[in-house]
Amino acid sequence: MHKRLVIVGLLCAAFLPAAQAQDLTKVTLAFPSEGFLYVPIYVAQKQGYFAEEGLNVEVIVFQKGGSAALTAVLGRDADAYVGLPAVAVRARSKGQNVQAFAAVQTQFGSTVVIDGESARKAGVSAASPISARAEALKGLKIGVTGPGSTTDMLVRYLAKDAGLNPDKDFTIMPIGGAPNMLAAFSQGSINGFSLSPPTVTTAAQQGGFVLMDLAKGEYKPLDGFLFTAMIAREDWLSSNKATAEKLVRAIWKAEHLIASEPDKARESVRPYFAHTDAAIFDAAWMASLPSYPAAPRIEKDGVEKNISFMNAVENDPVTLDPQQVYTNTIVDAVAPTVSTLKGEAK
């Protein structure tokens, strides 16, 4: 059995319903990080959708990333992993029977920001062609959370697509999480970095230039990329079908609220970022809003892009039928019970 690496007490406490948690079905979710990637789950909790379904949802945040979080699921220390499907694709290719069963974020949730001076020297702006903006990485020091991380993969992917060699044309520097990244950026130790809002938003507020708006699908190779999904072992899904349906129904309600009443959803999310400056939170919210689906149905194209993304930057290519990696069985079972919502399955 794998041990729980880090439990974030405040986050776990926030996910415990106030009334008689002992009467609820406990579900443990493994996150590889915190942030705007998980907004539908924050909304589902704050609006009471989990409690309405009779669920007591606990979150464990694994600071060592997606592989560690998925390992907890494989080791039965958590019920579902919430994160990048590419991690599950790799596990599936090695014989681990895991499947994504609900979409949480359907555009790429991270991006790259560089300092304003580097952007000026490269002659790029928001009006520049996408290829020119990616070429602006040349000669810079770019921070990533760690080798092989999603942030590292994104920087390499953008560079290769622009004809750059990520191991020769610029320097990739493992920095760690958001606090270290912002410190290195403000001190000039790095010229830019890859991460998600609100960290990228903070850098932009400090004069940084966001290379491209991935959340809006501006970069076509990654448009429609399934960035965050709920993923579980196949045996858990089959033996806990009712619980999985309750999870998906709560997430569906949250995603519908985000799409139909974004201001109300925004107020549900704000307490999870209580220490984030209001202006930065508002900017991060608006930047991330286009990345959330109105319904949790998983599209094949979003999974295929995970596989293509991996194979473009990793040395061990994956040959896998994308339909092995996900199922819409749970979504389809839930659909009739949320038929009054406009965010129905396509």
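As a reminder, the structure under discussion sits directly above these lines.
So, here's what we can say about the structure. Keep in mind that what you see is a predicted model, and the values were worked out from it rather than measured. Every chain begins its residue count from 1, and numbering advances along the sequence as written. Predicted model: local features are reported for residues with pLDDT of at least 70 only, side-chain atom pairs are reported and counted for 80 or more only, and whole-chain, interface and lining totals are derived from all residues. Excluded from the side-chain calculation are hydrogens and water; included are all heavy atoms of the structure.

## Quick notes on the overall build of the protein chain
From N to C terminus, the protein chain includes 16 helices and 10 strands. For the radius of gyration, the atom set is restricted to C-alpha positions; the globular benchmark scales as 2.2 Å times the number of residues to the power 0.38. Rg of the C-alpha trace for the protein chain: 19 Å, near the compact-globule value of 20 Å for 346 residues, within the 12% margin. For the C-alpha atoms alone, the extent of the protein chain along its principal axes is close to 60 × 45 × 40 Å. A burial count over the protein chain gives 57% of its 346 residues as buried. Only heavy atoms matter for contacts: two residues are in contact if any of them lie within 4.5 Å across the pair. Considering only intrachain contacts with a sequence separation of at least 6, the fraction spanning at least 24 residues in the protein chain is 80%. For the protein chain, the exposed surface amounts to about 14,200 Å²; the carbon and sulfur share of it is 49%. Taking the average location of the 32 positive side-chain charges in the protein chain and that of its 34 negative ones, the two points are 3 Å from each other. Only DSSP runs of H or I covering at least 4 residues are called helices, and only runs of E covering at least 2 are called strands; the numbering of each starts at the N terminus. Under the scheme applied here, a residue whose accessible area is under 20% of the maximum for its type counts as buried, over 50% as exposed, and between as partly exposed, the area being computed with a 1.4 Å probe on protein chains only. The Shrake-Rupley method, run with a 1.4 Å probe sphere, supplies the accessible areas, and residue values consider only the shown protein chains as cover. Residues scored as positive are Lys and Arg, those scored as negative are Asp and Glu, and His as well as the terminal groups of each chain are ignored. Just so you know, the charge point we use is NZ for Lys, CZ for Arg, CG for Asp and CD for Glu.

## Looking at the environment of serine 260
As for its position among the elements, serine 260 is in helix H12 (residues 241-260). Expressed as a C-alpha distance, the spacing of serine 260 and isoleucine 114, which sit 146 residues apart in the sequence, is 33 Å. Here a polar contact is taken to be a pair of N or O atoms separated by no more than 3.5 Å, where protein atoms must pair a possible hydrogen donor with a possible acceptor and residues adjacent in sequence count only if both atoms sit in side chains. A distance of 2.7 Å separates the side chain of serine 260 from the backbone oxygen of histidine 256, its partner in a polar contact.

## Remarks on the pattern of salt bridges
Salt bridges, as used here, are contacts in which a Lys or Arg side-chain nitrogen is within 4 Å of a carboxyl oxygen on Asp or Glu. In this structure the tally under the stated criterion is 21 salt bridges. Note that arginine 233 is salt-bridged to aspartate 235, the shortest N-O span being 3.0 Å. Put simply, Glu52, Glu53, Arg249 and Lys253 are held in one network by salt bridges that share partners.

## Brief notes about helix H14 (residues 278-288)
Among the residues of H14, Ile280, Phe281, Ala284, Trp285 and Ser288 are the ones counted as buried. Looking straight down H14, one finds that the buried residues subtend no more than 135 degrees of arc, so they occupy a single side. Tucked inside the fold, the buried residues of H14 contact helix H2 (39-46), helix H10 (199-205) and helix H13 (262-269). Measuring from the backbone nitrogen of alanine 279 back to the side-chain oxygen at the start of H14 gives 3.0 Å, which picks out aspartate 277 as the cap. By arc we mean the arc of the directions from the helix axis to the C-beta atoms, nothing more.

## A few points about the nonpolar core
Residues belong to one nonpolar core when they are buried, are Ala, Val, Leu, Ile, Met, Phe, Trp, Tyr or Cys, and are joined through side-chain atoms within 4.5 Å. If you look at the biggest cluster of nonpolar residues, it comprises 110 residues, and the most contacted ones within it are Leu29, Phe31, Phe50, Phe101, Ile114, Met230 and Leu247. A total of nine residues in this core trace back to one element, the largest contributor, which is H12. Ignoring any residue separated from it by four or fewer positions in sequence, one finds phenylalanine 101 in contact with Ala80, Met230, Ile231, Ala232, Leu237, Ala244, Leu247, Val248, Ile298, Thr327, Ile330 and Val331.

## Quick look at the packing of helix H4 (residues 66-74) against helix H5 (residues 85-93)
Between H4 and H5, the shortest axis-to-axis distance is 10 Å and the interhelical angle comes to 60 degrees. Comparing their axes, H5 and H4 come out oblique. With respect to the hand of their crossing, H4 and H5 are arranged in right-handed fashion. Contact residues: Gly66, Ser67 and Leu70 in H4; Val87, Ala88 and Ala91 in H5. Polar here means any residue other than Ala, Val, Leu, Ile, Met, Phe, Trp, Tyr, Cys and Pro, which are nonpolar, and Asp, Glu, Lys and Arg, which are charged; Gly is therefore polar. When grouped by side-chain class, the residues that make up the contact of H4 with H5 number four nonpolar, two polar and no charged. Lines fitted to the C-alpha atoms define the axes, with helices restricted to the stretch that makes contact. Angles between their N-to-C directions range from 0 to 180 degrees. Oblique is the label for any angle not under 35 degrees, not over 145, and not in the 65 to 115 range, which are roughly parallel, roughly antiparallel and roughly perpendicular in turn. Two helices that cross are described as forming a left-handed crossing if the nearer one is turned anticlockwise from the farther one by less than a right angle, and a right-handed crossing if clockwise.

## Focus: the sheet that holds strand E9 (residues 209-210)
The sheet built from five strands is open, its strands ordered E7-E6-E8-E5-E9 with mixed pairing. The open sheet has two edge strands, strand E7 (171-174) and E9, and neither has a second partner. Should DSSP find at least two bridges between two strands, the strands are regarded as paired. Of the strand pairs in this sheet, strand E6 (residues 141-144) and E7 are connected by four bridges, and their pairing is parallel. Each bridged residue has a counterpart across the sheet, and for glycine 143 the counterpart in E7 is methionine 173. Across the sheet, helix H9 (residues 178-187) touches strand E5 (111-114), E6 and strand E8 (192-195), and the angle it forms with E8 is around 160 degrees.

## Remarks on helix H15 (residues 300-313)
With 14 residues, H15 ought to run about 20 Å at 1.5 Å a step, and its terminal C-alpha atoms sit 21 Å apart, in line with that. Restricting attention to buried positions, one finds in H15 the residues Gly302, Val303, Lys305, Asn306, Ile307, Phe309, Met310 and Val313. Elements that come into contact with the buried residues of H15 comprise H5 and helix H8 (150-161). The span expected for a helix works out to 1.5 Å for each residue beyond the first.

## Some words on the pairing of strand E1 (residues 25-31)
Counting buried positions along E1 gives five out of seven residues, so the element sits mostly inside the fold. Of the strand pairs in this sheet, E1 and strand E2 (residues 55-61) are connected by seven bridges, and their pairing is parallel. Each residue of the ladder has a partner; that of valine 27, found in E2, is valine 57.

## A short note on unusual backbone geometry
Of note, the amide linkage connecting proline 197 to proline 198 takes the cis form, showing an omega dihedral of 5 degrees. Summarising the element assignment, proline 198 is placed in the loop between E8 and H10. In this model, arginine 76 sits at a positive phi of 65 degrees, which is unusual for a non-glycine residue. Along the polypeptide, arginine 76 turns up in the loop between H4 and strand E3 (80-83). Given a relative accessible area of 51%, arginine 76 falls into the exposed group.

## Regarding the sheet that holds strand E4 (residues 98-105)
Pairing is mixed across the open sheet formed by five strands, whose spatial order is E2-E1-E3-E10-E4. The open sheet is flanked by E2 and E4, the only strands paired with a single partner. Adjacent strand axes in the sheet meet at a mean angle of 25 degrees, parallel and antiparallel pairs treated alike. Pairing analysis gives two bridges linking E1 to E3, with the strands arranged parallel. Looking at the pairing, alanine 30 lines up with tyrosine 81 of E3.

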